[in-house]
Amino acid sequence: MRLVLALLACLSALPVTPARAEADGNLRSLDIGVVAGRWAAVGRIDLDGRGFCTGTLVAPDLVLTAAHCLYDRDTGERLAATGLRFLAGWRNGRAEAYRDVAVSLPHPDYVFAKAEGMADPAQVSVDLGLLRLDQPILLPSIPPVTAGAAAVTGDDVSIVSYARDRSEAPSIQDACSVMFVQGGMSVLDCPVEYGASGAPVFRATARGVEVVSVISAKAEAMGKPIALAAPVEGGLAVLQARIGQGARPSAPGVRVLSGGGASGAKFVTVGEAP
């Protein structure tokens, strides 16, 4: 099947479209109640006025997201960490905790792409970024999420995300599954929208829910919308080691994708998948 990728350029400046009543993996809002509070470790990352992404608290001072969220989509340059802010459990104008970002790191193997060219599916598999907060979040109501082993074909998973038509509260899709895994990249049967970049993909275990991957891109397969996700296993450990050393590598070279339309999405054909 051919996969047509669209990087989730998370732009709040885009026209907001009405929320759709559709079969998006049983998509429903987490705007009120105890159930919403269970996902307070998931928050919105505001990108210095350039839009937002979704992130997950994985340690008291560390937030996991997508690497491409850390770049200016027009110039390809890294966004300054000091311009980023994490809003844990953001719902209806209020967050459970507000933190500025001290350090931001993309995965060392990730190469941001902004214009002409072919996307490498291998880049999706390393589309991970890590933020170190200026102060840890130590509230008992916001425990960090545990990272789990990589998802495998057939796994039942859930996605908790913000998006351009639901930016004021997260939503959960808990009727998703892993269609297949290719080169580490997970292909999920749930569609995602702009703003869901960096959203956690959860798998339920006997120990509780674990984050197993991070949403990287929206795509189409056989005419149906799907999502592509980067595995947390391995990549998160690399980022934790580097951010613990205070490493801040220079921005990697820019690769290009075919330009998108007014929506700001960037579309590219990835080739045949099994």
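Residues numbered from 1 in each chain as written. Predicted model: local features only at pLDDT ≥ 70, side-chain atom pairs only at ≥ 80, totals over all residues. Heavy atoms only, no water.

Undergrad: Sorry if this is basic, but what is going on with helix α3 (residues 235–244) here?
TA: Because the α-helix completes a turn every 3.6 residues, residues three or four places apart line up on one side. Of the residues making up α3, those classed as buried are Gly-235, Leu-236, Leu-239 and Ile-243. Seen from one end, α3 has its buried residues packed into an arc of 95°, which puts them on one side. Packing partners of the buried residues in α3 comprise β4 (52–59), β5 (62–65), β7 (97–106), β8 (129–133) and β9 (146–147). (Buried < 20%, exposed > 50% of the residue type's maximum accessible area, 1.4 Å probe, protein only. Helix = DSSP H or I, 4+ residues; strand = E, 2+ residues; numbered from the N terminus. Arc of directions from axis to C-beta. Contact = heavy atoms within 4.5 Å.)

Undergrad: How do you make sense of the nonpolar core when you look at a structure like this?
TA: Most often, soluble globular proteins have nonpolar side chains that are buried together. With 53 residues, the main nonpolar core has Leu-57, Leu-64, Phe-86, Leu-130, Ile-137 and Ile-142 as its most contacted residues. In terms of residue count, the dominant contributor to this core is β4 (five residues). What Ile-137 contacts, discounting residues up to four positions off in sequence, is Leu-57, Pro-60, Phe-86, Ala-88, Ala-97, Arg-99 and Ile-142. Ile-159, Val-178, Ile-215 and Ala-227 belong to the second-largest nonpolar core, a separate cluster that totals 15 residues. (Core = buried A, V, L, I, M, F, W, Y, C linked by side-chain atoms within 4.5 Å.)

Undergrad: Looking at this structure, how should I read the state of the cysteines?
TA: Between two cysteines, a covalent bond joining their sulfur atoms is known as a disulfide. Applying the stated rule across the entire model yields two disulfides. The partner cysteine of Cys-53 in its disulfide is Cys-69, sulfur to sulfur 2.1 Å. Between Cys-53 and Cys-69 the sulfur-sulfur dihedral comes to about -95°; the bridge is accordingly left-handed. Here Cys-69 lies in the loop between β5 and β6 (84–88) and Cys-53 lies in strand β4, a separation of 16 residues in the sequence. For the pair Cys-53 and Cys-69, one class covers both residues: buried. Covalently, Cys-176 is tied to Cys-190 through a disulfide, its sulfur atoms 1.8 Å apart. Judged by the sign of its S-S torsion, about -100°, the bond between Cys-176 and Cys-190 is left-handed. Linking Cys-176 in strand β11 (residues 166–182) with Cys-190 in the loop between β12 (185–188) and β13 (200–205), this pair joins segments that are 14 residues apart in sequence. Considered together, Cys-176 and Cys-190 belong to a single accessibility category, that of buried residues. Counting only the cysteines that form disulfides, in the order they appear in the protein chain, gives the pairing 1-2, 3-4. (Disulfide = S-S within 2.5 Å.)

Undergrad: Looking at this structure, I do not really get the packing of aromatic side chains. What am I missing?
TA: Within a pair of aromatic rings, the relevant descriptors are the distance that separates the centres and the angle that separates the planes. Tallied over the entire structure, the rule returns three aromatic pairs. For the ring pair Tyr-71 and Tyr-110, a centre distance of 6.1 Å and an interplane angle of 50° mean the geometry is tilted. Residue Tyr-71 is located in the loop between β5 and β6, and its partner Tyr-110 is located in the loop between β7 and α2 (121–124); the two are separated by 39 residues in the primary sequence. Grouping residues by exposure puts Tyr-71 and Tyr-110 together as buried. Taking the centre distance of 4.8 Å and the plane angle of 5° together, the rings of Tyr-71 and Phe-112 count as stacked. Here Phe-112 lies in the loop between β7 and α2 and Tyr-71 lies in the loop between β5 and β6, a separation of 41 residues in the sequence. The two residues Tyr-71 and Phe-112 agree in class, both being buried. (Phe/Tyr/Trp six-rings, centres within 6.5 Å; stacked < 30°, edge-to-face > 60°.)

Undergrad: Is there a simple way to explain the sheet that holds strand β3 (residues 42–47) in this structure?
TA: Strand pairing in a sheet takes place through backbone hydrogen bonds and is either antiparallel or parallel in direction. The six strands are arranged β3-β4-β5-β8-β7-β6 in a closed barrel whose pairing can be described as antiparallel. Across this sheet, the average inter-strand angle for adjacent strands is 40°, counted without regard to direction. Relative to β8, β7 is paired through five bridges, and the arrangement is antiparallel. The residue of β8 that forms the bridge with Val-101 is Leu-133. Taken strand by strand, α3 contacts β4, β5, β7 and β8, and its axis lies near 40° from that of β8. (Pairing = 2+ DSSP bridges. Axes fitted to C-alpha atoms, helices over the stretch in contact; angles between N-to-C directions.)

Undergrad: Can you help me understand the confidence of the model for the protein chain in this one?
TA: A low pLDDT means the predicted coordinates there should not be read in detail. For the protein chain, the mean per-residue pLDDT works out to 79, and 76% of the residues sit at or above 70. Segment residues 7–23: pLDDT under 50, and 43 contacts once partners within four positions in sequence are set aside and those in other chains are kept. In the predicted structure, residues 247–274 sits below a pLDDT of 50 and forms 102 contacts with residues beyond four places in sequence or in another chain. (pLDDT = per-residue confidence, 0-100.)

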